Amino acid sequence: MSQSVRTRPEGSGQALSEAYDTALLDLDGVVYAGGNAIVHAVESLATARAGGMHLAYVTNNALRTPDTVAEHLTELGIPTGADDVITSAQAVARLISEQVPAGARVLVIGGEGLRVALRERGLVPVESADDDPAAVVQGFGGPDLPWGRFAEASYAVARGVPWFASNTDLTIPSGRGIAPGNGAAVEVVRIATGAEPQVAGKPLPPMHRETILRTGAVRPLVVGDRLDTDIEGAFNGEVDSLLVLTGVTDGAQLLTAPPQHRPTYVDADLRGLLTGQPEVVEADAGFRCGGWTATAGAERLELDGDGEALDGLRALCAAAWTAAGDGTCELDGGKALARLGL
């Protein structure tokens, strides 16, 4: 994928599982939600794997170890080894290891996933700012992480110890709704110290580099549900992406996406890996996909025709993104999305 401005979703005459050698799959909102498999995920991934596609699971959640994630996926009916899981903890541990001596102490504010990743890089996790750490690393520690851990990080960072964060996602999905993520915790330390961490996770390059190093992917396809992490991460890595609508992104957010948040393909769920993607073509003053034609009016997006809702959404994206150029579409798409049930 080039870094030129995308003005429409692309089509594919091949099934995506045949066109790409590796799927780099986000987890929450793509494969599972609240710990349970999302509808169609298990069978779709099994079919893609049987056809020769390598499946790798890429998560910004630094709390769980690859072994734990792999065990969970296997329990859901998706056979997975720890080597198939790449976490932001691994990405940030590599980043730290490139800047501090081997065997250096690292103050950990987070969970077991961070500690395991640091040890893998020959670093020594410690718990106190008084343990003479060479770095501070902050990752999601779960709802039971004590408030005092943020103070411990602040003490060390205020002394000038280099500060790293696995990721800065402000929120994280849970079985009960949306909860504060590691980004919210990072803000606590930023407010206390005025410092800025080095960040490894999606959408930043260290995470993409870690993923490619561990998977050996030649033609990867990023599959995600979030525009600001998964899709932007693919954009930064200059690879193609598939947005699935089983997570946090809705139609309105997709239409108003700036260039770095525009996916290559859009589909309802992981069944999109197993099919080609319909082409969006120019038609009169607008764009056509399937039975739908979308145009950009003076104040709002217009939609005519009928057929599959996703085809209408793809056509609307083309109209909105073309109208926006390298900015954000400000045209009202509410009526058109309502017609599609989106």
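Look up: the structure comes first, before these words.
Bear in mind the structure is a predicted one, so any value in this text is a computation, not a measurement.

Reading guide: rules and limits
Residues numbered from 1 in each chain as written. Predicted model: local features only at pLDDT ≥ 70, side-chain atom pairs only at ≥ 80, totals over all residues. Heavy atoms only, no water. Helix = DSSP H or I, 4+ residues; strand = E, 2+ residues; numbered from the N terminus. Rg over C-alpha atoms; globule rule 2.2 N^0.38 Å. Buried < 20%, exposed > 50% of the residue type's maximum accessible area, 1.4 Å probe, protein only. Areas by Shrake-Rupley, 256 points an atom, 1.4 Å probe, with all protein chains shown as cover. Phe/Tyr/Trp six-rings, centres within 6.5 Å; stacked < 30°, edge-to-face > 60°. 1 Å grid on protein atoms, 1.4 Å probe; cavity = no way out; pocket = protein on both sides within 12 Å on 5 of 7 lines; lining within 4 Å. Points joined across faces, edges and corners; volume = space filled by probe spheres on them. Nonpolar A, V, L, I, M, F, W, Y, C, P; charged D, E, K, R; others polar. Pairing = 2+ DSSP bridges. Axes fitted to C-alpha atoms, helices over the stretch in contact; angles between N-to-C directions. Contact = heavy atoms within 4.5 Å. Salt bridge = Lys/Arg side-chain N within 4 Å of Asp/Glu carboxyl O. Expected span 1.5 Å × (residues − 1). Arc of directions from axis to C-beta. Polar contact = N/O pair within 3.5 Å; in protein donor to acceptor, adjacent residues only side chain to side chain.

Enquirer: Break down the overall build of the protein chain for me, citing the residues and quoting the values.
Expert: When helices and strands are tallied, the protein chain shows 12 helices and 19 strands. What you see for the protein chain is a C-alpha radius of gyration of 21 Å, in line with the 20 Å of a compact globule of 342 residues. The principal-axis extents of the C-alpha atoms in the protein chain amount to approximately 70 × 45 × 35 Å. Going through the 342 residues of the protein chain one by one, you find that 53% of them count as buried. Taken as a whole, the protein chain presents about 14100 Å² of accessible surface, with 50% of it coming from carbon and sulfur.

Enquirer: Tell me about the packing of aromatic side chains, and name the residues and values.
Expert: Aromatic rings in a pair are described by how distant their centres are and how their planes are angled relative to each other. Summed over the entire model, instances satisfying the criterion amount to 2 aromatic pairs. When the centroid spacing of 6.2 Å and the interplanar angle of 75° are considered together, the rings of Tyr-20 and Tyr-265 count as edge-to-face. Here Tyr-265 lies in strand 15 (residues 265-267) and Tyr-20 lies in the loop between helix 1 (16-19) and strand 1 (22-25), a separation of 245 residues in the sequence. Of the two residues, Tyr-20 and Tyr-265, both sit in the buried class. Ring centres of Trp-147 and Phe-150 lie 5.3 Å apart, and the angle between their planes is 90°; this geometry places the pair in the edge-to-face category.

Enquirer: Could you give an account of the layout of surface pockets, naming the residues involved and the relevant values?
Expert: In this structure, the largest pocket spans a volume of roughly 560 Å³. Along the wall of the largest pocket there are 31 residues; nearest its centre are Phe-140, Gly-142, Pro-143, Ile-172 and Pro-180. Breaking the lining of the largest pocket down by element, the ones donating at least two residues are helix 3 (66-75), strand 10 (171-174), strand 11 (177-180) and helix 7 (182-193). In terms of residue count, the dominant contributor to the lining of the largest pocket is helix 7 (4 residues). In the lining of the largest pocket, the residues fall into 16 nonpolar, 13 polar and 2 charged. Its volume calculated, the second largest pocket comes out at about 300 Å³. Lining the second largest pocket are 26 residues, with Asp-28, Asp-169, Ile-172, Pro-173 and Arg-226 positioned closest to its centre. Listed by contribution, the elements that provide at least two residues to the lining of the second largest pocket are strand 10 and helix 9 (227-237).

Enquirer: Tell me about the sheet that holds strand 16 (residues 281-283), and name the residues and values.
Expert: Taking strand neighbours across the sheet as the criterion, the 4 strands line up as 16-17-18-19 in an open arrangement whose pairing is antiparallel. Looking at strand neighbours, the two that pair on one side only are strand 16 and strand 19 (301-305), the edges of this open sheet. Each neighbouring strand pair of the sheet contributes to a mean axis angle of 30°, computed without reference to strand direction. Two strands pair when backbone bridges link them, and strand 16 and strand 17 (residues 286-289) are joined in this way by 3 bridges, in the antiparallel orientation. By the bridge assignment, Ala-283 is partnered in strand 17 with Gly-286. In this fold helix 11 (residues 309-324) packs onto strand 17, strand 18 (292-296) and strand 19, with an angle of close to 20° to the strand it touches most, strand 18.

Enquirer: A description of the pattern of salt bridges should follow, citing residues and the corresponding values.
Expert: Counted according to the given criterion, the structure contains 19 salt bridges. A salt bridge links Arg-159 to Asp-130, with the nearest nitrogen and oxygen atoms 3.3 Å apart. A residue pair is termed long-range when its members are at least 10 positions apart, and Arg-159 in the loop between helix 6 (148-158) and strand 9 (163-165) and Asp-130 in the loop between strand 7 (124-126) and strand 8 (135-138) qualify at 29 residues. With a closest N to O distance of 2.0 Å, Glu-187 and Arg-190 form a salt bridge. Linking Glu-187 with Arg-190, this pair stays in helix 7, spanning 3 residues, or about one helical turn.

Enquirer: Break down helix 7 for me, with residues and values.
Expert: Note that an α-helix has 3.6 residues per turn; residues three or four places apart therefore point the same way. For helix 7, which comprises 12 residues, the first-to-last C-alpha distance of 17 Å matches the rise-based estimate of 16 Å (1.5 Å per residue) to within 8%. The set of residues buried in helix 7 consists of Asn-182, Gly-183, Ala-185, Val-186 and Val-189. Each buried residue of helix 7 lies within a common arc of 155° when the element is viewed along its axis, so the set occupies one face. Pointing more than 90 degrees away from the buried face of helix 7 are the exposed residues Ile-191 and Ala-192. Structurally, helix 7 contributes buried residues whose contacts are with strand 8, helix 6 and strand 9. Note on helix 7: the residue one or two positions beyond its end, Gly-194, has a positive phi of about 75°.

Enquirer: Describe the sheet that holds strand 8, with residues and values.
Expert: Pairing is parallel in the open sheet, where 5 strands are placed in the order 7-6-8-9-12. The strands lining the two open edges of the sheet, one partner per strand, are strand 7 and strand 12 (198-199). Sheet contacts for helix 4 (residues 88-97): strand 6 (105-109), strand 8, strand 9 and strand 12; angle to strand 9, the most-contacted strand, approximately 155°. In the packing of helix 5 (residues 112-120) onto the sheet, contacts are made with strand 6, strand 7 and strand 8, and the angle to strand 6 comes to roughly 165°.

Enquirer: Tell me about the environment of Glu-43, and name the residues and values.
Expert: Note that Glu-43 resides in helix 2 (residues 41-50). A relative accessible area of 44% places Glu-43 in the partly exposed class. C-alpha of Glu-43 to C-alpha of Asn-236: the two residues are 193 residues apart in sequence and 30 Å apart in space.

Enquirer: An account of the environment of Trp-163 is requested, with residue identities and associated values reported.
Expert: Relative to the elements of secondary structure, Trp-163 occurs in strand 9. Separated by 73 residues in sequence, Trp-163 and Asn-236 place their C-alpha atoms 23 Å apart. When residues no more than four places from it in sequence are discounted, the contact partners of Trp-163 are Val-136, Gln-138, Val-157, Val-186, Val-189, Arg-190, Thr-193, Ala-195, Glu-196, Pro-197 and Gln-198. Among the polar contacts made by the side chain of Trp-163, one reaches the side chain of Gln-138 at a distance of 3.2 Å.

Functional significance is not addressed by these values, which are geometric in nature.
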